[in-house]
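# Topology and contacts: notes
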Amino acid sequence: MIDLNNLPTPLRPDKLIGTVYGGAGVGKTYLASNCDNSVLLRIEDGSASLHGKDIKMLPCIIEPLDVFMQIKALIDQDHNFKTLIIDSVSKFDEMVISEYLNKNKSLKLSDDNYAGYEHVYSRHRSLSNACNKLSSLKNMSIIFISHEKVTNVGRDGKEQIMTLKMSPKSSRYYIDDVDFVGYLKPADIIINGVRTRAIKMDVDSNLNNQAKNRFELTEKELIAKNTSLESIFLKNK
């Protein structure tokens, strides 16, 4: 029986599940790697920018099954990691599409009642579920990284919409089912009179990008390259 006199109240979260995306070289992987005690799951190897950082890296992924085996290892084994960074889910999307087409050489994704697309969606769903399980069992933050897809819209085609580089049905697992989605763009800030490379992170959805947050942020965040995501979203960290 439920005791209505002892129901819990919402607590400030102590971990994150979120997505950062943007163009090549904007600093997605570096920003994510500032998270507490991170381990990098390399679906593509973007570790060149992390030279000198204290971060551990799992072996580079060869096929989609490797992704799930590495997450299972994090679930089954004892470790001190606090954050899993998946770089990148857009590359995972490409890998899963290739996996299906290589096994079904005479088919397109849309053939056989769109079986290929369903295969891709199910892989993303499985990845999301595996990460949620890891987060729950090991109390870990999960940071998904994605490249951006730029779509020209409007009558003259001059307006642009930035989205995750995959189909909308696949991207929903990294938008609907996470605490935040941050769209990153390069920027500069002045620190002690010196111009420093920075990142502008939009966490408030608008007509030009996919962004969101379940926290109190409503503005674009101008952040230094070494800023941690916890310091932005988890004010107690």
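Further up the page is the structure itself.
So, how was this worked out
- Residues numbered from 1 in each chain as written.
- Predicted model: local features only at pLDDT ≥ 70, side-chain atom pairs only at ≥ 80, totals over all residues.
- Heavy atoms only, no water.
- Phe/Tyr/Trp six-rings, centres within 6.5 Å; stacked < 30°, edge-to-face > 60°.
- Helix = DSSP H or I, 4+ residues; strand = E, 2+ residues; numbered from the N terminus.
- Buried < 20%, exposed > 50% of the residue type's maximum accessible area, 1.4 Å probe, protein only.
- Patch = residues over 30% accessible without salt bridge, like charges linked within 9 Å, V, L, I, M, F, W, Y side chains within 5 Å.
- Areas by Shrake-Rupley, 256 points an atom, 1.4 Å probe, with all protein chains shown as cover.
- Salt bridge = Lys/Arg side-chain N within 4 Å of Asp/Glu carboxyl O.

This part takes up the packing of aromatic side chains. Applying the stated criterion to the full structure yields 7 aromatic pairs. Each ring, one from Phe 144 and one from Tyr 174, has its centre 4.9 Å from the other, and the planes form 65 degrees; the classification is edge-to-face. Taken together, the residues Phe 144 in strand S5 (residues 141–153) and Tyr 174 in the loop between helix H5 (168–171) and strand S7 (180–191) connect sequence positions 30 residues apart. Both residues of the pair, Phe 144 and Tyr 174, belong to the buried class. Between Phe 215 and Phe 233, the aromatic rings sit 5.2 Å apart at their centres with planes inclined by 45 degrees, giving tilted as the arrangement. Remark: Phe 233 occurs in helix H6 (residues 229–233) and Phe 215 occurs in the loop between strand S9 (212–213) and strand S10 (221–224); sequence separation between them is 18 residues. Take Phe 233: its relative accessible area is 3%, and that puts it in the buried class.

A cluster of nonpolar side chains, Ile 2, Leu 4 and Leu 7, forms an exposed patch at the surface whose accessible area comes to about 360 Å². Tracing the sequence through the fold places Leu 4 in the segment before strand S1 (17–22). Residue Leu 4 is classed as exposed on the basis of its relative accessible area of 66%.

Glancing now at the pattern of salt bridges. Throughout the structure, instances matching the rule amount to 7 salt bridges. Notably, a salt bridge pairs Glu 94 with Lys 165, separated by 4.0 Å at the nearest N-O pair. Here Glu 94, found in helix H3 (residues 89–103), pairs with Lys 165, found in the loop between strand S6 (159–164) and H5; they are 71 residues apart in sequence, far enough to count as distant. Residue class for Lys 165 comes out partly exposed when judged on its relative accessible area of 38%. Between Glu 99 and Arg 123 there is a salt bridge whose closest N-O contact spans 2.8 Å. Here the residue Glu 99 occupies a position in helix H3, and Arg 123 occupies one in helix H4 (residues 111–138), the gap between them amounting to 24 residues. Look at the salt bridges and you will find they share partners, linking Lys 91, Glu 94 and Lys 165 into a network.

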